[in-house]
Amino acid sequence: MNSSDAWLDLATAKDDTARVNAWASLLATVREQDSDPVPCDERHTALFFEYLRRDLEPGGDTGVMQSALSCVALFLNQPRLLSAPKSGDVIQLLTRILEIACTDTSNTDLSQMALWCLGVQKLDDIPQDLASRMVVAFANGINSDMELDESLVSAVLEGMMRIFSEYPLLAILQSQAWMLPVFRCLLGPSTTISSCAGQVLALVRGVFLDEFKSAAPFLQTIVKKGEIEDLLRSKKDHKYMLMAWEEYVVLMGSKLHRTQNLNDLLKVVETGFNSPALKRRLLGMRAWRRLILNFSIEGHIYHAKRVNLVTLPIWNCLKFDKADRQRQASMQTYIYLLLHLSKGPPIPSFLESFVLPAVRYSKNELPLLEPILYALVRMFGIEADDEVVDPTVPLSLLDADILELAQNILPNMPVSTWDISTVLPVLKIVEIVMQGVGATLKELPDVMICVWQAVVSYIDTQVRAGSDSEAAITMLDSALVFLSRQTAAPTDEMKIRVPVPKDGPYSASPKSNSCIASVTKMMTLLPAGSVAQNNMKFLYDDLVSAFEEDAPVSPLQRASTRALMLEQKLKRRADGSSEPDHYQTPSSQVRQSFGGSGYVQINETTTAKHPDALTPKQLEKHRPQGLPAMYHPLDPSLSTLSEETPVVNNSQTFPLPSLPKRRKVSNDFGTTTPFLEHIAQLQNSTAELESMPPQTLVQIHRDLAALMAHVTEALHKSLPPM
């Protein structure tokens, strides 16, 4: 190449035509050696720049200049063809090409050739001020009214990317010059150009996120002008509109917060969510992750109002969209939201408002449930992880798969920070999952079992601590009620112990009574002698010891109360009304009856809430004076006590307890009846009843219930109409 005739032609060319031919000859010679070109030596490199200064001087022939630029483009694209060029020669050449591109716009071919040279150049160490001017030249070129070739625009965008890669801050400093033209390229007719424009925006988004404070003044001006937003609205049907939307949302950062611009942008992306085309809906969910990223700037995501806004399309998709791919994309977006939320403090009512809905809408789809459960395991700090997780959310995770997203979640709600507002929703989540997948506790996914074990361990710790007994018993009651509703036996992890306080037992409360009732119920459901049943027995003993017993209730009082309750129940059934909740609450006064199936005592407070309920004293007032007693002797044929005890489990019977010797007992009216004598004998057998096994007491309880039904019927017949 050093001896090529082309160099001699350049040196001896005297007229414009000869120079045009000489540059063309040199270009052809180099291209012939393209597979293994021989670089110029230093002397020919110096001559190369000398001839360029001669033929590119202002006022020269445009044909010669265009021919020279065609050859220059090749040498700038392959700098190895030049041996040790002087930096001053390179800067001078690029400066002159910039002048041609920016000032000689009247000659379209010449200015476009200059842009081509700048776009394809791959020189190193271009001064920053010169690179900044090149960005402006690129922006002006693609934003002009000239009809640019597709390859030229692509080359210009690639040249812009090379400059931004070397000088990232130039993307911010010159944002007002290049951003709008690039968005126009993205939403243009050419797919090739749109792809290049998207690569430019993807390259600089990280710069704007890292330097959002320094970028704020420039972005403020762009947002105020609203030119890009107008462009997005006008191109709402363009196939790359959602891509442009997501890039704009990321680049603008916090400047979109608390502005009308954000509301306008949300209306634009709404077309993607409502599109009948699956591909467009998928792009809408992809764009939504960029909005989450935008809200994470300066911690604006940690507000319930913004999280409500973000979750709205996710809930809608999980509720109504039947396409599996779209549901997976929605779950991916949801886990991406949890990833950002885990980097900050928990939002109030986080589990109730933003986790329970996701579990409900996905309860029948295990592939969607498992990522939620695994995310909770990470947020609760249940899963040990020796790896140091990045406290920030890298841009690379924007479109990562669900598992990778969940693995980067931080434990911002560790078990050590739980309280009652955490435990109750978690129990609800476990129950919903069990109902959705149709599994018992033992059959749940491993991540859900981990959560359940953490709940049991936490409740045990709180109950043992005794610092806030009311809250601890409330949590324990919720866990026991949950277990008592399950059709299958609970797992063996329920090893909770309730210590007796040093200062004496706690006062009995509805929650403690409910705990005892639930434990009693589970003792009948669990296999005899199993570990789980033994755990329940220990817990039952602890609860009875830790809480004071209420005043004892005689069997006669209990029977009278139950009769009145049955009367009210029959009346409600006749009226078609539902049974009030308070009638379903176990009473501490009948805790001695196994199973906790007693009823609350009818007193003045109950009567105030339920005017139709009558106390025994009120009922006595309505008794006709002619009746000698409240109860009449029953026909022995109507009493279930005279019948053979039904067989339980088809294996054994449980006879009634032996009664003490009969003695005459008078009622309130001074009369004596065999029935009242029998009641007195039952009342004196309390100690024997307490020593009986639970199965025997259950059968006795059933017989007494049948007896009271007859008592109630007789009572109705004996009273005159009211």
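Residues numbered from 1 in each chain as written. Predicted model: local features only at pLDDT ≥ 70, side-chain atom pairs only at ≥ 80, totals over all residues. Heavy atoms only, no water.

**Examining the overall build of the chain**
Helix and strand counts for the chain stand at 32 helices and zero strands. Scored against the burial criterion, the 722 residues of the chain give a buried share of 50%. When contacts within the chain are restricted to residue pairs at least 6 apart in sequence, long-range pairs at least 24 apart make up 74% of them. Of the accessible surface of the chain, which amounts to about 34,500 Å², a share of 52% is contributed by carbon and sulfur atoms. (Helix = DSSP H or I, 4+ residues; strand = E, 2+ residues; numbered from the N terminus. Buried < 20%, exposed > 50% of the residue type's maximum accessible area, 1.4 Å probe, protein only. Contact = heavy atoms within 4.5 Å. Areas by Shrake-Rupley, 256 points an atom, 1.4 Å probe, with all protein chains shown as cover.)

**A closer look at unusual backbone geometry**
The backbone phi angle of Asp 125 is positive, close to 60°, even though this residue is not glycine. The topology assignment puts Asp 125 in the loop between helix H6 (108–120) and helix H7 (128–142). In this structure, Ser 349 takes a positive phi of about 55° despite not being glycine. Mapping Ser 349 onto the fold places it in the loop between helix H18 (324–341) and helix H19 (350–361).

**Considerations on the confidence of the model for the chain**
Residues of the chain with pLDDT of at least 70 account for 74%, and the chain-wide mean is 78. The low-confidence segment residues 579–611, where pLDDT is below 50, has 67 contacts with residues more than four positions distant or belonging to other chains. (pLDDT = per-residue confidence, 0-100.)

**Overview of the side chain of Ser 154**
Take Ser 154: it is sitting in helix H8 (residues 150–166). Residue class for Ser 154 comes out buried when judged on its relative accessible area of 9%. Apart from the residues lying within four places of it in its own chain, the contact partners of Ser 154 are Thr 192, Ile 193 and Cys 196.

**With respect to the environment of Ile 222**
Examined against the element boundaries, Ile 222 turns out to sit in helix H12 (residues 212–225). C-alpha separation for the pair Ile 222 and Ser 175, spaced 47 residues apart in sequence, amounts to 8.5 Å. Setting aside chain neighbours within four positions, we find Ile 222 in contact with Ser 175, Gln 176, Met 179, Ile 228 and Met 252.

**With respect to the packing of helix H10 (residues 175–186) against H12**
Viewed as axis vectors pointing N to C, H10 and H12 meet at an angle of 45°, and their least axial separation amounts to 10 Å. When the axes of H10 and H12 are compared, the pair comes out oblique. Crossing geometry of H10 relative to H12 is assigned as right-handed. For the pair formed by H10 and H12, the contact residues are Ser 175, Gln 176 and Met 179 on the first element and Phe 218, Thr 221 and Ile 222 on the second. Considering only residue class, the contact of H10 with H12 consists of three nonpolar, three polar and no charged. (Axes fitted to C-alpha atoms, helices over the stretch in contact; angles between N-to-C directions. Parallel < 35°, antiparallel > 145°, perpendicular 65-115°, else oblique. Left-handed = near helix turned anticlockwise from the far one by under 90°. Nonpolar A, V, L, I, M, F, W, Y, C, P; charged D, E, K, R; others polar.)

**So, the environment of Gly 159**
Inspection of the secondary structure puts Gly 159 in helix H8. A residue is classified by how much of its surface remains accessible, and Gly 159, at 0% relative accessible area, is buried.

**Re the state of the cysteines**
Within this structure, the stated rule accounts for zero disulfides. Here Cys 196 is not cross-linked by a disulfide; its sulfur's nearest cysteine counterpart is in Cys 185, at 9.2 Å. (Disulfide = S-S within 2.5 Å.)

**What to know about helix H5 (residues 87–103)**
Over its 17 residues, H5 extends 24 Å from the first C-alpha to the last, a length consistent with the 24 Å expected when each residue adds 1.5 Å. Burial in H5 covers these residues: Asp 89, Val 90, Leu 93, Leu 94, Thr 95, Arg 96, Ile 97, Leu 98, Ile 100 and Ala 101. Looking at the buried residues of H5, the elements they touch are helix H3 (42–55), helix H4 (62–77), H6 and H7. (Expected span 1.5 Å × (residues − 1).)

**Thoughts on the environment of Asp 210**
Its place among the elements puts Asp 210 in helix H11 (residues 191–210). We classify Asp 210 as exposed; its relative accessible area is 64%. Residues Asp 210 and Ile 297, spaced 87 residues apart in sequence, show a C-alpha to C-alpha distance of 9.8 Å.

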